[in-house]
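# Coordinate inspection notes
Chain residues, written in single-letter form:
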Amino acid sequence: MNGKRMDKPCIAARKSAKMELAAGTYYWCSCGLSRNQPFCDGSHQGTKFVPLPVKLTERQLVSFCLCKYSAKGHLCDGSHKSLPPPLNEANSHPA
Ligand code: FES
């Protein structure tokens, strides 16, 4: 097996990404590994994570979660403010 061992998502950033987007379907990165946050770039391959489709029916301002621990999925709920400080680099975005 050559999969990436990840039980939890990586924290891409401890903040949200506010973006105004046109109607359409976007794929939110749930693993935290994408280099194109908040969107999936395929880096999840080999993990148990998959991108979350976000369908917008009209132009909209979206506050995307970047810490990947929001209880609201792709939407920031402020969880990044209460995450413990990193004890190691296991769940931090690789440099
Ligand atoms: S790169 Fe993270 S879900 Fe695809």
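Residues numbered from 1 in each chain as written. Predicted model: local features only at pLDDT ≥ 70, side-chain atom pairs only at ≥ 80, totals over all residues.

### A short note on the overall build of the protein
Tallying secondary structure elements over the protein gives zero helices and four strands in all. From first element to last, N terminus to C terminus, the protein shows the α and β order β-β-β-β. For the protein, with 95 residues in total, the buried portion stands at 22%. For the protein, contacts bridging at least 24 residues in sequence account for 53% of all contacts bridging at least 6. (Helix = DSSP H or I, 4+ residues; strand = E, 2+ residues; numbered from the N terminus. Buried ≥ 20, exposed ≤ 12 C-beta atoms within 10 Å, placed from the backbone. Contact = placed C-beta atoms within 7 Å.)

### Notes on the environment of Ala-17
Relative to the elements of secondary structure, Ala-17 occurs in strand S1 (residues 16-21). Ala-17 gets classed as partly exposed once you count the C-beta atoms within 10 Å, which come to 15. For Ala-17 and Gln-37, which are 20 residues apart along the polypeptide, the C-alpha to C-alpha distance reads 8.3 Å. When sequence neighbours within four positions are dropped, the list of residues in contact with Ala-17 reads Gln-37, Pro-38, Phe-64 and Leu-66.

### Observations concerning the environment of Leu-61
The topology assignment puts Leu-61 in strand S4 (residues 60-65). For the pair Leu-61 and Ala-22, spaced 39 residues apart in sequence, the C-alpha separation works out to 9.0 Å. Excluding residues within four positions of it along the chain, Leu-61 makes contact with Lys-18 and Glu-20.

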